[in-house]
Amino acid sequence: MNTIISMLLLFVYNSLNKDVYYDIAVYILDHLDEMESISIENIAHNCHTSTITIKKFYNLLGIESFKKFKTLLNDTRVGRLEQIKFRYSQINEEEIFEQVKILSHNKLLRKEIFMSDIEKVVDFIYDAKRTYINGAIFPLALTLNFVEDMKIFGKPFYIEQLNYKYNMNDYNEDDLLFIITITGRYLMQNKQSFLKMYESSAKKVILTQNSIFQTFYVFDCMIPLYGSDDSETENLIVIEILNLIKYRYFMKYINKGEKV
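A brief look at the structure comes next.

About the cut-offs
- Residues numbered from 1 in each chain as written.
- Predicted model: local features only at pLDDT ≥ 70, side-chain atom pairs only at ≥ 80, totals over all residues.
- Heavy atoms only, no water.
- Pairing = 2+ DSSP bridges.
- Helix = DSSP H or I, 4+ residues; strand = E, 2+ residues; numbered from the N terminus.
- Axes fitted to C-alpha atoms, helices over the stretch in contact; angles between N-to-C directions.
- Contact = heavy atoms within 4.5 Å.
- Parallel < 35°, antiparallel > 145°, perpendicular 65-115°, else oblique.
- Nonpolar A, V, L, I, M, F, W, Y, C, P; charged D, E, K, R; others polar.
- Salt bridge = Lys/Arg side-chain N within 4 Å of Asp/Glu carboxyl O.
- Buried < 20%, exposed > 50% of the residue type's maximum accessible area, 1.4 Å probe, protein only.

Our next topic: the sheet that holds strand β3 (residues 175-180). Reading across the sheet, the 5 strands line up as β2-β1-β3-β4-β5 and stay open at both edges, with parallel pairing between neighbours. The two strands at the open ends of the sheet, each matched to only one other strand, are β2 (157-161) and β5 (221-224). If you compare each strand with its neighbour and ignore which way they point, the axes differ by 20° on average. As paired elements, β3 and strand β4 (residues 203-208) share 5 bridges and run parallel to each other. Across the sheet, residue leucine 176 finds its bridge partner in β4, namely lysine 203. Across the sheet, helix α7 (residues 111-127) touches β1 (130-135), β2, β3, β4 and β5, and the angle it forms with β5 is around 130°.

The following block contains the structure:
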């Protein structure tokens with residue numbers, strides 16, 4: 001993953017303060033489909049800044065002109081979709097599921113139950129006006145490839161790190177909160193932020209190995225992990241589960257049953 005879109009995502013992901021450059025990056029990521037027709041004046045107006053600041057921003061990314069910046073964004077979108085289509089022509093749902101199962105030491109529930117939950121998440125993402133991936137700095141780093149491709153699919157996706165500043169968004173009933181907490185400890189250490197998410201009207205999906213979230217809380221969907229700690233293997237499982245969600249989303253809503 002080494003594209004202009006991934007650079008923008010890394011910029012957003014690593015912004016500790018939501019300054020004007022953060023706002024510019026978020027705006028561009030939210031309007032990828034429209035960037036060919038959006039002028040530098042439009043971006044400046046909508047980000048409440050100047051065209052000089054927009055120029056400084058794309059220069060900061062190593063791009064010399066606004067025309068080149070827009071060309072790179074468009075070429076990335078088109079090329080990435082072709083890459084995804086080709087990759088998914090070489091694999092199928094069963095192969096990805098088996099990889100998750102192997103990494104989980106064959107502790108997964110029956111395939112039909114697991115895939116039913118995956119399909120539910122896919123539909124939640126499709127129906128959501130905005131999807132927020134919430135969690136600690138790590139494992140959110142594992143989601144960058146997934147978020148980039150969902151952005152390319154045209155879905156409004158946002159990475160939201162839980163931290164002690166308690167500066168999260170207000171969530172609506174047409175939003176989706178995708179919470180990733182492998183051990184669950186981080187949510188317990190940030191109880192105020194967690195409860196704000198949990199008590200909101202948004203749909204909530206959680207990916208975790210901590211059974212307390214199944215015992216004492218009710219989520220719209222819970223995808224269980226089967227390890228006992230935050231290991232490298234568990235990280236690989238998270239990546240493969242996200243890949244499976246992305247595969248099903250692509251086949252159902254982007255490719256729409258066409259042969260790849």
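So, about the packing of helix α5 (residues 66-89) against helix α13 (residues 232-254). The geometry of α5 relative to α13 is characterised by a closest axis approach of 11 Å and an angle of 100° between their N-to-C directions. When the interaxial angle is binned, α5 and α13 end up roughly perpendicular. Contact residues: α5 offers Ile84, Lys85, Arg87 and Tyr88, while α13 offers Asn243, Lys246, Tyr247 and Phe250. Per-class residue counts for the contact of α5 with α13 are 4 nonpolar, 1 polar and 3 charged.

Here we take up the pattern of salt bridges. By the definition in use, this model includes 12 salt bridges. The shortest N-O distance in the salt bridge between glutamate 119 and lysine 252 comes to 3.3 Å. Of this pair, glutamate 119 sits in helix α7 while lysine 252 sits in helix α13, and the two are 133 residues apart along the sequence. The class of lysine 252 is partly exposed, set by a relative accessible area of 30%. Among the salt bridges present, the one from aspartate 123 reaches lysine 252, with a minimum N-O distance of 2.9 Å. Taken together, the positions of aspartate 123 in helix α7 and lysine 252 in helix α13 put the pair 129 residues apart, joining distant regions of the chain. The exposure class of aspartate 123 is partly exposed, given its relative accessible area of 22%. Among the ionic contacts, a cluster of salt bridges with common partners joins Glu93, Glu94, Lys111, Glu119, Asp123, Arg248 and Lys252.

On to the environment of asparagine 46. When you line up the elements, asparagine 46 lands in helix α3 (residues 40-46). Its relative accessible area of 39% is what places asparagine 46 among the partly exposed residues. Separated by 23 residues in sequence, asparagine 46 and aspartate 23 have C-alpha atoms that sit 9.5 Å apart.

Located in the positive-phi region is histidine 48, a residue other than glycine, with phi close to 55°. Along the polypeptide, histidine 48 turns up in the loop between α3 and α4 (51-60). A relative accessible area of 74% means that histidine 48 is categorised as exposed.

Glancing now at the environment of isoleucine 28. By the element assignment, isoleucine 28 lies in helix α2 (residues 20-30). Accessibility expressed as a relative area gives 0% for isoleucine 28, which makes it buried. The sequence separation of isoleucine 28 and lysine 70 amounts to 42 residues, and the corresponding C-alpha distance is 9.9 Å. When near neighbours in sequence (up to four residues on either side) are disregarded, isoleucine 28 contacts Leu8, Met35, Phe57, Phe69 and Leu73.

Structural measurements only, silent on function.
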